[in-house]
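As a plain string of letters, each chain reads:
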Amino acid sequence: MPAIVMVLIVGVLFYLGYRYYSGYLARRVYALDDSRPTPAHTMRDGVDFIPTNKHVLFGHHFTSVAGAAPIVGPAIAVFWGWGPALVWVVVGTIFAAGVHDFGAIVVSVRHKAQSIGTLTREVINTRARVLFLLIIFFLLTLVNAVFSVVISNLFVANPEAVLPILLEIPFAIAIGQYIYRTRSAALIPSLIGVVLLYASILLGQELPISLAGIAAEDGLFTERNIWVILLFVYTFIAARIPVWVLLQPRDYINSHQLFIALGVIGLGVLVGWDTIVAPMVNDQTPDNSPSWFPLLFVTIACGAISGFHSLVSSGTTSKQLDKESDARYVGYFGAIGEGALALGSILACTAGIVATTADWHAAYSDFGTASGDATSNFVNGVAHFAGNLGVPEATAVVFAAVVVISFAATTMDTGVRLQRYIVQEIAEIARIRPVARSLTLSGIIAVLIPLVLALLPGGGEDGYTFGVLWQLFGTTNQLTAGLALAVVAVWVTKSRRNPIAVLVPLVFLVVMTTWALIDNLLTFVAEGEWVLAPLDAIIFVLAVWLIVEAALALRQARSGSGTSEPVEVPES
Amino acid sequence: MSGRLRTRLLGWWRRLERGHDLLLVARWRQGLRKEARREDDTLRALLLLESLGVDNPVAYETLDVVPYLVADFHAWHRRMGRDEFGDAGVCC
Amino acid sequence: MLLIRFFGGKGGVGKTTLAAAFATAQARRGVRTLVVSTDPAHSLGDVLDTPLSEEPRAVADRLLAAEISGENQAERRVSEVLEDARHAVPREVLPAVERHLRRAVDSPGTVESALLDRLTDLVERTGREWDLLVVDSAPTGHMLRLLSLPELLTPWIEGLARNRRKARDIDGYADGLLGERSDERDPLLERLHARRRRLDDLRERLRRDARVHLVLVPERLPLAETERAADRLAEAGLPLGAVLVNRVAGEDESGVLARRRGQERAVLARVRERFADVVTVPLLPGGLAGAAELDEPACWLADL
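Residues numbered from 1 in each chain as written. Chains lettered and ligands numbered in written order. Predicted model: local features only at pLDDT ≥ 70, side-chain atom pairs only at ≥ 80, totals over all residues.

Colleague: I tried to follow the overall build of chain A on my own but got confused; where do I start?
Modeller: Helix and strand content of chain A: 22 helices and zero strands. Counting all 572 residues of chain A, 57% fall into the buried class. Considering only intrachain contacts with a sequence separation of at least 6, the fraction spanning at least 24 residues in chain A is 84%. (Helix = DSSP H or I, 4+ residues; strand = E, 2+ residues; numbered from the N terminus. Buried ≥ 20, exposed ≤ 12 C-beta atoms within 10 Å, placed from the backbone. Contact = placed C-beta atoms within 7 Å.)

Colleague: Would you mind showing me how to read the overall build of chain B here?
Modeller: Counting secondary structure elements, chain B contains two helices and zero strands. The proportion of buried residues among the 92 residues of chain B is 38%.

Colleague: How do you make sense of the confidence of the model for chain A when you look at a structure like this?
Modeller: Low pLDDT means the predicted atomic positions in that stretch should not be read closely. Averaged over all residues, the pLDDT of chain A equals 87, while 96% of them reach at least 70. Considering only residues more than four positions removed or in separate chains, one finds that residues 562-572 of chain A, a stretch of pLDDT under 50, has 19 contacts. (pLDDT = per-residue confidence, 0-100.)

Colleague: Just to check I follow, could you spell out the packing of helix 11 (residues 247-272) of chain A against helix 17 (residues 393-429) of chain A for this structure?
Modeller: Geometry of a packed helix pair, given as the angle between the helix axes and the separation of the axes. Residues and elements named next belong to chain A. Relative orientation of the contacting elements helix 11 and helix 17 amounts to 145 degrees, with a least axis distance of 10 Å. You can see that helix 11 and helix 17 cross each other, and the crossing is left-handed. In contact with L247, R250, D251, N254, Q257 and A261 of helix 11, helix 17 contributes V403, S406, F407, T410, D413 and T414. Of the residues belonging to the contact of helix 11 with helix 17, the class tally is four nonpolar, five polar and three charged. (Axes fitted to C-alpha atoms, helices over the stretch in contact; angles between N-to-C directions. Left-handed = near helix turned anticlockwise from the far one by under 90°. Nonpolar A, V, L, I, M, F, W, Y, C, P; charged D, E, K, R; others polar.)

Colleague: So what exactly am I meant to see when it comes to the confidence of the model for chain B here?
Modeller: Chain-level statistics for chain B give a pLDDT mean of 73 and a share of 58% at 70 or above. Reported confidences for the modelled complex are a pTM of 0.68 and an ipTM of 0.75.

Colleague: Would you explain the sheet that holds strand 2 (residues 33-37) of chain C in this entry?
Modeller: Through backbone hydrogen bonds, the strands of a sheet pair up, either in parallel or in antiparallel fashion. All names here are of chain C. Across the sheet, eight strands lie side by side as 3-4-2-5-1-6-7-8; this open sheet has mixed pairing. Every other strand in the sheet has two partners, leaving strand 3 (57-60) and strand 8 (278-282) as the edge strands with one partner each. Across the sheet, the mean angle separating the axes of adjacent strands is 25 degrees when strand polarity is ignored. Sitting on the sheet, helix 9 (residues 256-274) touches strand 7 (243-248) and strand 8, and the angle it makes with strand 7 is about 170 degrees. (Pairing = 2+ DSSP bridges.)

Colleague: Sorry if this is basic, but what is going on with the environment of C:L101 here?
Modeller: Assignment of secondary structure puts C:L101 in helix 4 (residues 94-105). On a C-alpha basis, the gap between C:L101 and C:V78 in space is 6.4 Å, while along the polypeptide they are 23 residues apart.

Colleague: How do you make sense of the pairing of strand 2 of chain C when you look at a structure like this?
Modeller: In the case of a regular strand, side chains alternate between the two sheet surfaces. Residues and elements named next belong to chain C. Where burial is concerned, most of strand 2 is hidden: five out of the five residues are buried. Looking at chain direction, strand 2 and strand 4 (residues 63-67) are connected through five bridges and run parallel. In the sheet register, L34 faces strand 4, and the bridge partner there is L64. Judged from the five bridges that link them, strand 2 and strand 5 (residues 132-136) form a sheet pairing that is parallel. Bridge pairing links V36 to V135 in strand 5.

Colleague: What's the story with unusual backbone geometry in this structure? I'm lost.
Modeller: What is expected of a backbone is that most residues other than glycine have negative phi and most peptide bonds are trans. Residue and element names in this part refer to chain A. Put simply, F293 and P294 share a cis peptide bond, and its omega is 5 degrees. Mapping P294 onto the fold places it in helix 12 (residues 292-299). Although it is not a glycine, R431 adopts a positive phi angle of roughly 60 degrees. Mapped onto the elements of the fold, R431 is located in the loop between helix 17 and helix 18 (433-437). Residue R431 is classed as exposed on the basis of its 7 C-beta neighbours within 10 Å. The phi torsion at R496 lies on the positive side, around 65 degrees, for a residue other than glycine. Note that R496 resides in the loop between helix 20 (462-494) and helix 21 (500-527).

Colleague: How should I be thinking about the nonpolar core in this particular structure?
Modeller: Nonpolar side chains in soluble globular proteins generally cluster together in the buried interior. Residues A:A85, A:V146, A:V404 and A:V487 are the most contacted members of the largest nonpolar core, which totals 179 residues. The dominant element in this core, judged by the number of residues it contributes, is helix 7 (residues 126-157) of chain A, at 21 residues. Setting aside residues up to four positions removed in sequence, A:A85 forms contacts with A:P74, A:A77, A:V78, A:W80, A:L296, A:I300 and A:I346. C:A20, C:L44, C:V134 and C:L223 belong to the second-largest nonpolar core, a separate cluster that totals 83 residues. (Core = buried A, V, L, I, M, F, W, Y, C linked by C-beta atoms within 7 Å.)

Colleague: I tried to follow helix 5 (residues 110-125) of chain C on my own but got confused; where do I start?
Modeller: Because an α-helix completes one turn every 3.6 residues, residues spaced three or four positions apart along the sequence face the same direction. Residue and element names in this part refer to chain C. Taking 1.5 Å of rise per residue, 16 residues should cover 22 Å, and helix 5 covers 23 Å from first to last C-alpha, within 8% of that figure. Of the residues making up helix 5, those classed as buried are T110, V111, S113, A114, L115, L116, D117, R118, L119 and V123. Positive phi shows up at G127, right after helix 5, with a value of about 100 degrees. (Expected span 1.5 Å × (residues − 1).)

Colleague: Could you clarify how one ought to interpret the environment of A:R129 in this entry?
Modeller: Tracing the backbone through its elements, the reader meets A:R129 in helix 7. Sequence-wise, A:R129 and A:I116 are 13 residues apart; in three dimensions their C-alpha atoms are separated by 9.2 Å.

Colleague: What should I look at first to understand the pairing of strand 7 of chain C in this one?
Modeller: All names here are of chain C. Of the strand pairs in this sheet, strand 6 (residues 210-216) and strand 7 are connected by two bridges, and their pairing is parallel. Each bridged residue has a counterpart across the sheet, and for V215 the counterpart in strand 7 is L244. Pairing geometry for strand 7 and strand 8, over four bridges, is parallel. In the sheet register, V248 faces strand 8, and the bridge partner there is P282.

Colleague: Mind showing me how you'd approach the packing of helix 17 of chain A against helix 19 (residues 439-454) of chain A here?
Modeller: Residue and element names in this part refer to chain A. Taken N-terminus to C-terminus, the directions of helix 17 and helix 19 make an angle of 115 degrees; their axes are 8 Å apart at the nearest point. When the axes of helix 17 and helix 19 are compared, the pair comes out roughly perpendicular. The hand of the helix 17/helix 19 crossing is right-handed. Of the residues in helix 19, those in contact with V416, Q419, R420, V423, Q424 and A427 of helix 17 are L439, S442, G443, I445, A446 and V447. (Parallel < 35°, antiparallel > 145°, perpendicular 65-115°, else oblique.)

Written out as structure tokens, the structure reads:
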């Protein structure tokens, strides 16, 4: 079918979901009440707590959650055909991500805009907070590991992209200086900066930077692995630098890139009238391929449901919510935005990359290839869409690569930084003094573990390991979402409302994730993966812990007693 | 270009600038404020301690620092959008 | 060159008189001398038989005298700072600045600090406007303050410096400047560093050019106190000068004074045991006041 038809269908479904389902959530499940002043007003301080116009807030929220994850996941998952991936994206966005992102904002707003970590302690209990810390620890470890591979693969495949990425930072800093020095509107300097960035793409095409000369063919120091090591060295150093020097300027440029990329994809699809050449369900998968059930659900996390978002929802967005009804727009619609990104990725990898179905099957011949080439496929697909708009293909490829790398890099940057704090917090609880007090030690731990994971040999197929790591990342992401959903569910229950809308995605998530974990564990043990197996086992234990904790808390909430005081009086 | 058209275009451009500022630049600015705020906290704590009656053993030596601390504090709360800070007789 | 002499001891042992006498004698010898008292009871003015003020005033040929007080100095400082502030900070914060300044001078230790500040001024002018500074005071109080101040001040300065650097960096970045601001002056920090240097310089000066003469009368309690003071000064690294035992009863006293002589001998023996350099000044008749009357005790201090 033509890609544009898929866009239309999904668009209608998303609209219906927003109109009716989020309305139901707002009225019946979350009971939004505009007469209640939000913490942005009651705790207003001009720095963290600032009531913000809902459109602006949506923009902030969306740019904060948008990343490389809704891109890579679907790019892998279309291996099973566009059907399963699309259905999961649509159903997940409407019934899971929407509930989750929306609910995370509301439960935070009702509890003085505290973040989800603190909320687990308040709404469930202190043990749940430890669980939260551990899940986040693994989430960050895995996200840093997989994104380092994503970036490295792109660097290897697109040496022309290295220069623009390197130039991104001085451009961003220069824009910042100009803005504050002249105190004038930032629009023109920012546009100039972005234009310069894209001009540097042309420069990058003239001056590709590749490590092929110094790298080995195989073994530890392949080209990709050297990039991975360099990346982690960089993030270790960058984590010591104040956020406002490096991270925030990069983030600023990325937010521009996001809108541009969305525009390019949207317009490119519209103009090009590409056809989806991938099959709806892929029946040509090799015999030993992993099945879509349950792995689909952990391969696509962001774009269907992602726990990461609750960190943003409860971390910054809830502190700036002007009135409660805005949460529906910002949260639910934000989830739809992510779903749209995921849709874009599906289109890129099913309609954009190749012109015929046969070619597509060649590109997606087996799971290992699908995983390893996923990001490249997305990049090439987007390049094709850009090509529809007249951009020369080679340049468009670099453009798409720069977009993905930029986003993945900022996520890594933030991820390593956060991981350092989490390591310190866990060390504090476990009373490991030297680590808890030392930024350097905790920094080393934060970087070393994902580095090891990223460098794991792939059992012959680099792509395969990446695919597996990606699934593990997906599972931890889902578990985080599960914990957030549990918090929301408990709160809804304590408020004497029907939590079914929250429970269904929660149960589904948890079941699928646990199933996937067991599946993979058996595979790892069978194949003697002595790093991945214990990792999987630990995460599995966390998943079980989550189930038990959530079940207990829900039961207590329903029976009316509880270990924690509800912050608000139960409503009728 | 006719004057009316020009004014309209200029109006759109200004709106675009403002939108861009709100949507994209504001996050950055807020981030900077948060960082700066964390640093200023110590200064403010010192000032507030004095007004709360905690004795400063080097009060005389640091007398000439007081105007700058107060001015900093004042500038800070002005930046934050509060034109007056009446708490505890600290400022204004 | 011993440019600074402290005359210290309990109240009533006659240190003001001895200080004045010594200063007078030195002035007579041709040394431009400033004698200064920190005693709020204005005894120096009485001894010199001249009203004195905060600013050194000539009372005789080459002899200047002054009476300084911590409260006055603190008041002056507040006014100074306020005046400076008028040019340096926005007008609307001036009331708040004044409020804070007044509150600050109420802190304990402020008066002592202020006194030290004024003394520092006078020490710095020694060698220029006068060649000898004679201080009638209880030096242990000053010394203790002087000793504790750097320790108290340093963490303050360092903490403030760190914060200023970070906050200014961010502000600077936000204002368009990035990176090292080493060439950017930070008046606040500069002042603190200047204060610190002043204290250090004073310590150095005192260690090098000062002597402390502890004055006591030959009784047990003053002796004990003197010994303690001497210990503290030694800790401070402040050089001890000759110990002056005042109002020593003469050999030919009779009656009550004769009995007293016995006790005194014991105390004197102990003093000589403890201190290497001891000068005794006998019990002199009359109410010693006026420059002329100070000649007698001055003789006894000729070799000081």
